[in-house]
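Residues per chain are reported as follows:
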Amino acid sequence: MKNNFPQLSVSILNSDMSNLTKTLNLLQKLDIKYVHLDVMDGNFVPNLTFGPAVIKSIRSKTKCILDTHLMIQSPQKTITQYFDAGCDIITFHYESLKESDIFKLIKLIKKHNKLVGISIKPPTSPTKIVKYLNYLDLVLVMTVSPGFGGQKIITSCIKKIQILKNLRDKKGYKYIISADGGINEKNVVEIIKKGCDLPVIGSAIFCSKDIDVKIKFLQSLIK
Ligand code: DX5
Ligand code: ZN
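Conventions adopted
Residues numbered from 1 in each chain as written. Chains lettered and ligands numbered in written order. Predicted model: local features only at pLDDT ≥ 70, side-chain atom pairs only at ≥ 80, totals over all residues. Heavy atoms only, no water. Near = heavy atom within 4 Å. Polar contact = N/O pair within 3.5 Å; in protein donor to acceptor, adjacent residues only side chain to side chain. Areas by Shrake-Rupley, 256 points an atom, 1.4 Å probe, with all protein chains shown as cover. 1 Å grid on protein atoms, 1.4 Å probe; cavity = no way out; pocket = protein on both sides within 12 Å on 5 of 7 lines; lining within 4 Å. Sits in = over half its atoms within 2 Å of the grid points. Helix = DSSP H or I, 4+ residues; strand = E, 2+ residues; numbered from the N terminus. Donors = N, O, S within 2.8 Å, 3.2 Å for Na, K, Ca; no water. Tetrahedral: all angles 85-135°; square planar, octahedral: opposite > 155°, others 65-115°. Buried < 20%, exposed > 50% of the residue type's maximum accessible area, 1.4 Å probe, protein only. Salt bridge = Lys/Arg side-chain N within 4 Å of Asp/Glu carboxyl O. Phe/Tyr/Trp six-rings, centres within 6.5 Å; stacked < 30°, edge-to-face > 60°. Lys NZ or Arg CZ within 6 Å of the ring centre and 35° of its normal. Pairing = 2+ DSSP bridges. Right-handed = clockwise from strand over helix to strand, strands pointing away.

Undergrad: Honestly, the site of ligand 1 in this entry has me stumped. Any pointers?
TA: As a structural note, the neighbourhood of ligand 1 is formed by 20 residues, with Asp38, Gly147, Asp180, Gly182 and Ser203 the closest of them. Contacts to ligand 1 include Gly182, whose backbone N or O atom sits 2.8 Å from an oxygen atom. Contact between ligand 1 and Gly202: an oxygen atom at 2.8 Å from a main-chain N or O atom of the residue. Coverage of ligand 1 by the protein chains reaches 99% of its 380 Å² of free accessible surface. Mapping ligand 1 onto the cavity grids shows that it belongs to the largest pocket. Within the residue set of the shell around ligand 1, elements represented by two or more residues are β2 (34-40), β3 (65-71) and β8 (198-201).

Undergrad: Please explain the coordination of the zinc ion (ligand 2) as it appears in this structure.
TA: Ideal geometry at a metal centre: 109.5 degrees between donors when four sit tetrahedrally, and 90 or 180 degrees when six sit octahedrally. For the zinc ion (ligand 2), the full set of protein donor atoms is His36 (NE2), Asp38 (OD), His69 (ND1) and Asp180 (OD), and the range of their distances to it is 2.0 to 2.2 Å. Classification of the site at the zinc ion (ligand 2) rests on its 6 donor atoms, whose angles at the metal span 70 to 167°, yielding the label octahedral. For the zinc ion (ligand 2), the donor residues sit on a single chain with the sequence spacing H-x1-D-x30-H-x110-D. Separated by 111 residues along the polypeptide, His69 in strand β3 and Asp180 in strand β7 (residues 176-180) bring together distant segments of the chain. Per residue, the accessibility class of His69 equals that of Asp180, and both read buried.

Undergrad: Explain the pattern of salt bridges here, please?
TA: A side chain of one charge can pair with a side chain of the opposite charge if their charged atoms are brought near each other. Per the stated rule, a full pass over the model turns up 9 salt bridges. Between Lys214 and Glu185 there is a salt bridge, with the nearest N and O atoms lying 3.4 Å from each other. Here Lys214 is found in helix α8 (residues 211-222), whereas its partner Glu185 is found in the loop between β7 and α6 (188-194), with 29 residues between them in sequence. Exposure remark for Glu185: the relative accessible area of 27% places this residue in the partly exposed category. With its nearest N and O atoms 3.1 Å apart, the salt bridge here joins Asp212 to Lys216. With a gap of 4 residues between them, Asp212 and Lys216 both fall in helix α8, about one helical turn apart. On the basis of relative accessibility, which here comes to 46%, the residue Lys216 falls in the partly exposed class. Residues participating in the shared-partner salt-bridge network are Lys29, Asp212 and Lys216.

Undergrad: Got a minute to help me understand the packing of aromatic side chains in this structure?
TA: Each aromatic ring pair is specified by the distance between its two centres and by the angle formed by the two planes. Summed over all chains, the structure comprises 4 aromatic pairs. Ring geometry for Phe103 against Tyr132: centres 4.9 Å apart, planes inclined by 65°, an arrangement best described as edge-to-face. A residue pair is termed long-range when its members are at least 10 positions apart, and Phe103 in helix α4 (residues 99-111) and Tyr132 in the loop between β5 (115-120) and β6 (138-142) qualify at 29 residues. Taken together, the ring pairs connect Phe103, Tyr132 and Tyr135 into an aromatic cluster. Its guanidinium or amino end placed over the ring of Phe44, Lys121 lies 4.7 Å from that ring's centre, counting from NZ or CZ.

Undergrad: Can you help me understand the pairing of β8 in this one?
TA: On a regular strand, one side chain projects to one face of the sheet and the next to the other, so that they alternate. Side chains Leu198 and Val200 project from β8 onto one buried face, and the interleaved Pro199 and Ile201 project onto a second face that is buried too. Relative to β8, strand β1 (residues 9-11) runs parallel, the two sharing 2 bridges. Note on β8: the bridge partner recorded for Val10 is Ile201. By the bridge criterion, 3 bridges tie β7 to β8 in an arrangement that is parallel.

Undergrad: In this structure, what is going on with the pairing of β6? I would like to understand it.
TA: Buried residues dominate β6, accounting for 5 of its 5 residues. In β6, alternate side chains face the same way, and those of Leu138, Leu140 and Met142 on one face and Val139 and Val141 on the other are all buried. With 5 bridges connecting them, β6 and β7 associate as parallel partners. Along β7, the bridge assignment pairs Val139 with Ile177. In terms of handedness, the path from β6 via helix α5 (residues 158-171) over to β7 forms a crossover that is right-handed.

Undergrad: How should I be thinking about unusual backbone geometry in this particular structure?
TA: The bulk of non-glycine residues show a negative phi, and the bulk of peptide bonds are trans. Pro6 follows Phe5 through a cis peptide bond whose omega is 0°. One can find Pro6 in the segment before β1. Look at Ser74: it is not a glycine, yet its phi comes out positive at around 50°. Within the fold, Ser74 resides in the loop between β3 and α3 (79-85). The backbone of Asn113 shows a phi angle near 55°, a positive value even though the residue is not glycine. Among the structural elements, Asn113 can be located in the loop between α4 and β5.

The values reported here are purely geometric and, on their own, carry no functional implication.
Below, the structure is given as structure tokens:
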């Protein structure tokens, strides 16, 4: 799935949740292809957001690719609900399940014709996921500690993007590289230069005065 990158994946976490249809329509109008959905369970991360029921409603309102970021403990226990909800990309956290269950979960997600990603928290080295890279469609580098939108980027995480790009080039892997947390107009160009295909941006868009203008500006920066 290496086409037309870089692209923005817009995280709706800090958008007006009572007005999702309006937001989704705006994103589609502005030619946003990826909507990033942050699922939090109040356990793997301290915050609680939404789950499959809301995703199903979102699915019915948009043609965008649903880029689902599961920040939930033991995702293998509830994963089928995300297949049914209509997610397109399902990314789970390396740290959220036993190592011995990871290959099984990758296979299950693929069997349901979904794209599969693994995300790593700031303290986790990319070396931990090397054995899975050949099977992944996406790797998500967390550039903040997962749990909340609107945090400041942890700049030391950016080098992991380059490490993953070098590994992909060297070994011929196919995954796209995404990065998530604290990305804005000041750092997105650097992140893309390191090799990020799909920067996730939430609060820089939804906490701005004019969402429309901000998205267009970010799109112009990454082209
Ligand atoms: C953080 C989430 C992010 C967040 C986006 O746990 O995974 O996707 O919504 O980050 P900001 O708001 O920093 O752009
Ligand atoms: Zn996210």
